[in-house]
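Breakdown of the fold
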Amino acid sequence: MEQTLKICNLKVHYRCCGSGPAIILMHGWGCDSTTLLSLERVCALSHTVYNLDLPGFGQSQEPPSDWGVEEYTRLLEEFVAHLQLQSPTLLGHSYGGRIAILYASRNVVERLILVDAAGVPPRHSLRYYFKVYSFKLMRHLAPLVLGRKKADELIERRRAKSGSADYRNSSPVMRQIMVRSIRRDLRPEMPLIKAPTLLIWGENDTATPMRDARIMQHLIPGARLTSFAGAGHYSFLDNPYATEAAIKRFLNNSVAK
């Protein structure tokens, strides 16, 4: 069933189905709730599923300013409070995993499922740092040489050319959000998570590599890691049957408690 709520002064769309304890699904960057439909169907076998369109994606309203992970997490907290959900289970893919990690570090959740989740800062080459610092230098010098208007146009073209596809396809506000969120290192919050945690990963994931999964497994107390050979950043689509089986086992243990 399609639903809409006004949360934090934003229209938030979500899908609701199933019955039983609550589980909240959160998609990755550039996606929406439909990306997680296969996981929604599996989770609905034992839980009431709330599959969100995060603000700025799908049918949900775009944030008014450059939100970070903190603001998205506050919205999730408001969502849970408004619907009076008790200790929900969280499932987050990629960017949705960032929100799930921060939420679970400071709120009671029944269980936590992180699928190719973001939250560990990436390793960068010397070439990357050269590009970053040369861009910063250009950003400061260009207005002095070209004037503000032409400098802004040059900077935006440079960003569009060098940025990822996700960055290029985002609105100006969502680009700011993306940059701000990537800078947030969630490793300090991971040891604070008390809920049983399942990590699901593609061994060929290049966006959030297996290194990230092993760091999370080490930092989140008792976290279990399931990985799939040949699968990438969308491991649940590359290996759907194994993913669904792992989630069923994990959730059934929760329901049986």
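In this report, we go over the structure that sits alongside the text.

About the thresholds
Residues numbered from 1 in each chain as written. Predicted model: local features only at pLDDT ≥ 70, side-chain atom pairs only at ≥ 80, totals over all residues. Heavy atoms only, no water. Helix = DSSP H or I, 4+ residues; strand = E, 2+ residues; numbered from the N terminus. Buried < 20%, exposed > 50% of the residue type's maximum accessible area, 1.4 Å probe, protein only. Contact = heavy atoms within 4.5 Å. Areas by Shrake-Rupley, 256 points an atom, 1.4 Å probe, with all protein chains shown as cover. Phe/Tyr/Trp six-rings, centres within 6.5 Å; stacked < 30°, edge-to-face > 60°. Lys NZ or Arg CZ within 6 Å of the ring centre and 35° of its normal. Salt bridge = Lys/Arg side-chain N within 4 Å of Asp/Glu carboxyl O. Pairing = 2+ DSSP bridges. Right-handed = clockwise from strand over helix to strand, strands pointing away. Core = buried A, V, L, I, M, F, W, Y, C linked by side-chain atoms within 4.5 Å. Arc of directions from axis to C-beta. Axes fitted to C-alpha atoms, helices over the stretch in contact; angles between N-to-C directions.

Overview of the overall build of the protein
Of regular secondary structure, the protein possesses 10 helices and 8 strands. Per-residue burial over the protein gives 49% buried out of 257 residues. Sequence separation of at least 24 residues holds for 70% of the intrachain contacts in the protein that already meet a minimum separation of 6. Accessible surface for the protein amounts to roughly 12,700 Å². Of this, 52% is attributable to carbon and sulfur atoms.

As for the packing of aromatic side chains
Counted under the stated rule, the structure contains 8 aromatic pairs. Considering the side-chain rings of Tyr14 and Tyr50, the 6.1 Å spacing of their centres and the 45° angle between planes classify their relative orientation as tilted. Taken as a pair, Tyr14 in strand E2 (residues 10–18) and Tyr50 in strand E4 (residues 48–52) lie far apart in primary sequence, 36 residues in all. Here Tyr14 matches Tyr50 in class, with each residue buried. One Lys or Arg, Arg111, reaches over the ring of Phe250 and ends 4.7 Å from the middle of that ring.

Topic: the pattern of salt bridges
According to the stated counting rule, one finds 9 salt bridges in the structure shown. Measuring nitrogen to oxygen at the nearest pair gives 3.2 Å for the salt bridge that ties Glu70 to Arg74. Placement of the pair is Glu70 and Arg74 together in helix H2 (residues 69–83), with a separation of 4 residues, close to one helical turn. By sharing partners, the salt bridges in this structure join Glu70, Arg74, Glu77 and Arg106 into a single network.

Brief notes about the pairing of strand E5 (residues 89–93)
The side chains of a regular strand alternate, first on one face of the sheet and then on the other. E5 sits mainly inside the fold: 5 of its 5 residues count as buried. The two faces of E5 match: Thr89, Leu91 and His93 on one face and Leu90 and Gly92 on the other face are all buried. Here strand E3 (residues 22–26) runs beside E5; their pairing, made up of 4 bridges, is parallel. Bridge assignment links Leu25 to a residue of E5, and that residue is Leu91. In this structure, E5 lies alongside strand E6 (residues 112–115), joined through 4 bridges in parallel fashion. By the bridge assignment for E6, Leu90 is matched with Leu112. After leaving E5, the chain enters helix H3 (residues 95–106) and then returns to the sheet as E6, a path that is right-handed.

Some details on the nonpolar core
Among the nonpolar cores identified, the biggest contains 49 residues, and Ile24, Tyr72, Leu76, Leu114 and Met216 are the most heavily contacted of them. Counting residues in hydrophobic clusters, the runner-up holds 18 residues, among them Cys43, Val49, Leu91 and Ile113.

Examining helix H8 (residues 210–219)
Listed as buried for H8 are Met210, Asp212, Ala213 and Met216. Along the axis of H8, the buried positions cluster into a sector of 155°, meaning they face one direction only. Turned more than 90 degrees off the buried face of H8, the exposed positions are Arg214 and His218. Buried residues in H8 make contact with H3, E6, strand E7 (197–202) and strand E8 (224–228).

A closer look at the sheet that holds E8
Taken together, the 8 strands give an open sheet; going across it, the order is E1-E2-E4-E3-E5-E6-E7-E8, and neighbouring strands pair in mixed fashion. Of all the strands in the sheet, just strand E1 (2–7) and E8 have a single pairing partner and so form its edges. Averaged over neighbouring strand pairs, the angle between their axes works out to 20° when direction is ignored. Sheet topology note: the E6/E7 ladder contains 4 bridges and is parallel.

Some remarks on the side chain of Ser33
Residue position: Ser33 is located in the loop between E3 and helix H1 (37–43). Note on Ser33: relative accessible area 2%, which makes it buried. Ignoring sequence-local partners within four residues, the contact set of Ser33 consists of His13, Arg15, His27, Asn51, Leu52 and Asp53.

Focus on the pairing of E8
Here E7 pairs with E8 via 5 bridges, running parallel. The residue of E8 that forms the bridge with Ile200 is Thr226. In this region the chain leaves E7, passes through H8 and returns to the parallel neighbour E8; the handedness of that crossover is right-handed.

Remarks on unusual backbone geometry
One non-glycine residue, Cys8, adopts positive backbone phi at about 55°. Classification of Cys8 as partly exposed rests on a relative accessible area of 36%. Positive phi, close to 45°, is recorded for Ser87, a residue that is not glycine. When its relative accessible area of 30% is taken as the criterion, Ser87 is described as partly exposed.

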